[in-house]
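Examination of the molecular architecture
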Amino acid sequence: MKKTLVALSFGVITSLSSFAALAVQADNISVENPFAREVPPTAPASASFMTLKNASGKDINLVQAHSEVARAVELHTHINDGGVMRMRQIDKITIPANGTTELKPGGLHIMLIGPHNPIKVGQTVTVDLEFADGSHKKVDMPVKSFMGMGMQNQQKGQHRCGSGMH
Ligand SMILES: [Cu+2]
């Protein structure tokens, strides 16, 4: 009987520690100021932005993102292509050890391609972040209008960037 108990608790400890190992990257990442961009019903894509903070002493890579609001979700950056800002898909976004990575208009972003429904102000969009170790973090983000953020100039750049992709 005693032997069984010991074996049982050992099994529990083993599974707990392996769970902790799996969850460690997501647990070290905190998300600040997440938001998604409102787009017209006909828009082929939207984007989401946030500040990612890494509380660990090792670099953490965001390798994928998932969301039920869109047909496909991609990690993107902007590149300056002969004076024109264009988007490009990338395979990871690195959050440096004890550092911060900002996803913002005109820079890194999470692309929501082919929204199933119009993405409007007042809604909340959920994006699931997946890190290199397979751990996940769900982020609920309000939908914001760029016009309401005093970012008219940015919006012009975004539009050009979007038409460059499609
Ligand atoms: Cu993009």
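Refer to the structure presented above.
What this report covers is the structure whose coordinates are included nearby. (Residues numbered from 1 in each chain as written. Predicted model: local features only at pLDDT ≥ 70, side-chain atom pairs only at ≥ 80, totals over all residues. Heavy atoms only, no water.)

In terms of helices and strands, the protein carries two helices and ten strands. Secondary structure elements in the protein, listed N-terminal to C-terminal, are α-β-β-β-β-β-β-β-β-β-β-α. Across the protein, contacts joining residues at least 24 apart in sequence account for 67% of those joining residues at least 6 apart. When the accessible surface of the protein is totalled, it reaches about 9,500 Å², and 55% of it is carbon and sulfur. (Helix = DSSP H or I, 4+ residues; strand = E, 2+ residues; numbered from the N terminus. Contact = heavy atoms within 4.5 Å. Areas by Shrake-Rupley, 256 points an atom, 1.4 Å probe, with all protein chains shown as cover.)

Using the criterion set out here, one finds one aromatic pair in the structure. When the centroid spacing of 5.2 Å and the interplanar angle of 35° are considered together, the rings of Phe35 and Phe49 count as tilted. Of the two residues, Phe35 is situated in strand S1 (residues 29-37) and Phe49 in strand S2 (residues 45-54); the sequence distance between them amounts to 14 residues. For Lys144, the ring lying beneath its charged end belongs to Phe35, and the centroid distance is 5.2 Å. (Phe/Tyr/Trp six-rings, centres within 6.5 Å; stacked < 30°, edge-to-face > 60°. Lys NZ or Arg CZ within 6 Å of the ring centre and 35° of its normal.)

The next thing to look at is the coordination of the copper ion. Bound to the copper ion on the protein side are His76 (ND1), Met87 (SD), His109 (NE2) and Met111 (SD), at distances that span 2.0 to 2.2 Å. The sequence pattern describing where the donors of the copper ion fall on their chain is H-x10-M-x21-H-x1-M. One end of the pair, His76, is in strand S4 (residues 70-81); the other, His109, is in strand S8 (residues 109-115), with 33 residues separating them in the sequence. His109 matches His76 in its accessibility class, with the two residues each being buried. (Donors = N, O, S within 2.8 Å, 3.2 Å for Na, K, Ca; no water. Buried < 20%, exposed > 50% of the residue type's maximum accessible area, 1.4 Å probe, protein only.)

This paragraph deals with the pattern of salt bridges. All told, the structure shown has two salt bridges when counted by the stated rule. Residue Asp81 pairs with Arg86 through a salt bridge whose shortest N-O separation is 2.9 Å. A residue is classified by how much of its surface remains accessible, and Arg86, at 33% relative accessible area, is partly exposed. (Salt bridge = Lys/Arg side-chain N within 4 Å of Asp/Glu carboxyl O.)

Along the chain, Thr101 turns up in strand S7 (residues 100-103). Owing to a relative accessible area of 8%, Thr101 belongs among the buried residues under this scheme. At a separation of 2.8 Å, a polar atom in the side chain of Thr101 contacts the main-chain carbonyl oxygen of Thr94. Ignoring any residue separated from it by four or fewer positions in sequence, one finds Thr101 in contact with Met50, Thr51, Leu52, Ile93, Thr94, Ile95, Pro96 and Leu108. (Polar contact = N/O pair within 3.5 Å; in protein donor to acceptor, adjacent residues only side chain to side chain.)

Membership of the largest hydrophobic core comes to 26 residues, with the highest contact counts inside it found for Leu52, Leu62, Ile110, Val125, Val127, Leu129 and Phe131. Here this core takes four residues from strand S9 (residues 124-131), the largest share from any one element. Ignoring any residue separated from it by four or fewer positions in sequence, one finds Leu62 in contact with Leu52, Leu75, Asp91, Lys92, Ile93, Ile95, Ile110, Leu129, Glu130 and Phe131. Ranked by size, the runner-up nonpolar core spans eight residues in total, among them Ala45, Phe49, Met87 and Met111. (Core = buried A, V, L, I, M, F, W, Y, C linked by side-chain atoms within 4.5 Å.)

Positionally, Val143 belongs in strand S10 (residues 136-144). Measuring from C-alpha to C-alpha, the distance between Val143 and Ser48 comes to 8.6 Å, with 95 residues separating the pair along the chain. Setting aside anything within four residues of it in sequence, one finds Val143 in contact with Ala36, Arg37, Glu38, Ile119, Lys120, Val121, Gly122, Gln123 and Val125.

The next subject is the side chain of Ser56. Tracing the backbone shows Ser56 in the loop between S2 and strand S3 (60-66). Other than its neighbours up to four places away in sequence, Ser56 contacts Asn28, Ala97 and Asn98.

Let us look at unusual backbone geometry. Positive phi values are uncommon outside glycine, yet Asn33 reaches one of about 50°. As for its position among the elements, Asn33 is in strand S1.

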